[in-house]
Amino acid sequence: MDKHKQLSAIREYVKALFINERTGHDLYHLQRVTHTAKLIACEEDANLFLSEAIAWLHDTTDHKLVESEEQAKITLRKFLDSILLSESEIEEILEAITTISFSKEEEPSTLEGKIVQDADRLDAMGAIGIARAFTYGGAKKRFMYHEEEKDHTIQHFYDKLLKLKSTMHTASARTIAEERHLFMQQFLDQFYKEWN
Ligand code: ADP
Ligand code: NI
């Protein structure tokens, strides 16, 4: 099967899985991450096919979305095998998506995995990152901000979002991260100005 057909099969596979997903990992998140990953992959001379495949698939075995991460990996392996990816391609994809998640604090070993980790983290920054954080906080019924308690969404900026810029692996991602980081700082400045 040629690479284009494999990628469209992967896209269809992911679409079917994520059609009802609204917790911040919806299809548009996957589209944005894939788009960003392809841009970075071009600039970094990485393997475009693997970067795109990893980007589409990066959330399909996430413990927040599936009951068993192990079972999800077995299902994914079977699928990738059925569309005739090579054993080494399947290994690289599985290794990357197992390590990408921020909460695990791990690093993919390949350039393509690192690129998708960068793209995924970029999507948690900037205007969209801010929107995703408040969407998540709302879904968890958190305060947007609280003067005494720490369990509010503004706190998430200090716990995670403002740290992302310094975790980028590639120079291309660092450039995009600069702009998004600055925008989040401006957002916080304005937020406190209005709050006070
Ligand atoms: P990943 O699956 O990429 O490791 P998460 O599932 O932790 O990332 O986050 C998905 C989105 O939800 C991100 O935009 C992230 O900033 C947001 N998010 C995660 N935890 C919180 C939180 N405690 N408060 C607000 N937003 C959060
Ligand atoms: Ni993601």
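Residues numbered from 1 in each chain as written. Chains lettered and ligands numbered in written order. Predicted model: local features only at pLDDT ≥ 70, side-chain atom pairs only at ≥ 80, totals over all residues. Heavy atoms only, no water.

**Overview of the pattern of salt bridges**
Inference 1: All chains considered together, the criterion is met by ten salt bridges.
Inference 2: Residue Lys3 is joined to Glu89 by a salt bridge in which the shortest nitrogen-to-oxygen separation is 2.9 Å. Note that Lys3 is positioned in helix α1 (residues 3–18) and Glu89 in helix α5 (residues 87–99), a separation of 86 residues in sequence.
Inference 3: With a shortest N-O distance of 3.7 Å, Lys73 and Glu70 are connected by a salt bridge. Of this pair, Lys73 and Glu70 both sit in helix α4 (residues 69–82), separated by three residues, roughly a single helical turn. (Salt bridge = Lys/Arg side-chain N within 4 Å of Asp/Glu carboxyl O. Helix = DSSP H or I, 4+ residues; strand = E, 2+ residues; numbered from the N terminus.)

**Topic: the coordination of the nickel ion (ligand 2)**
Inference 1: Listed as protein donors to the nickel ion (ligand 2) are His29 (NE2), His58 (NE2), Asp59 (OD) and Asp120 (OD); their distances from the metal cover 2.1 to 2.6 Å.
Inference 2: Coordination geometry of the nickel ion (ligand 2): the four donor atoms subtend angles of 79 to 168 degrees at the metal centre, consistent with an arrangement described as irregular.
Inference 3: Along the chain, the residues donating to the nickel ion (ligand 2) fall in the pattern H-x28-H-D-x60-D. Highlighted residues: His58 in the loop between α3 (48–57) and α4 and Asp120 in helix α6 (residues 111–122), separated in sequence by 62 residues. (Donors = N, O, S within 2.8 Å, 3.2 Å for Na, K, Ca; no water. Tetrahedral: all angles 85-135°; square planar, octahedral: opposite > 155°, others 65-115°.)

**Observations concerning the nonpolar core**
Inference 1: Counting 49 residues, the largest nonpolar core has Ile10, Val14, Leu57, Leu76, Leu80 and Ile93 as its most contacted members.
Inference 2: Considering each element in turn, this core owes the most residues, seven residues, to α3. (Core = buried A, V, L, I, M, F, W, Y, C linked by side-chain atoms within 4.5 Å. Buried < 20%, exposed > 50% of the residue type's maximum accessible area, 1.4 Å probe, protein only.)

**Points about the packing of aromatic side chains**
Inference 1: Inspection of the entire model under this criterion finds ten aromatic pairs.
Inference 2: Relative to Trp195, the ring of Phe191 has its centre 5.8 Å away and its plane inclined at 20 degrees; by these criteria the two rings are stacked. Taken together, the positions of Phe191 and Trp195, both in helix α9 (residues 171–195) and four residues apart, correspond to about one turn of that helix.
Inference 3: Taken together, Phe134, Tyr145, Phe157, Phe187, Phe191, Tyr192 and Trp195 form an aromatic cluster joined through their ring pairs.
Inference 4: Above the face of the Phe49 ring, Lys3 is positioned so that its terminal group lies 4.3 Å from the ring centre. (Phe/Tyr/Trp six-rings, centres within 6.5 Å; stacked < 30°, edge-to-face > 60°. Lys NZ or Arg CZ within 6 Å of the ring centre and 35° of its normal.)

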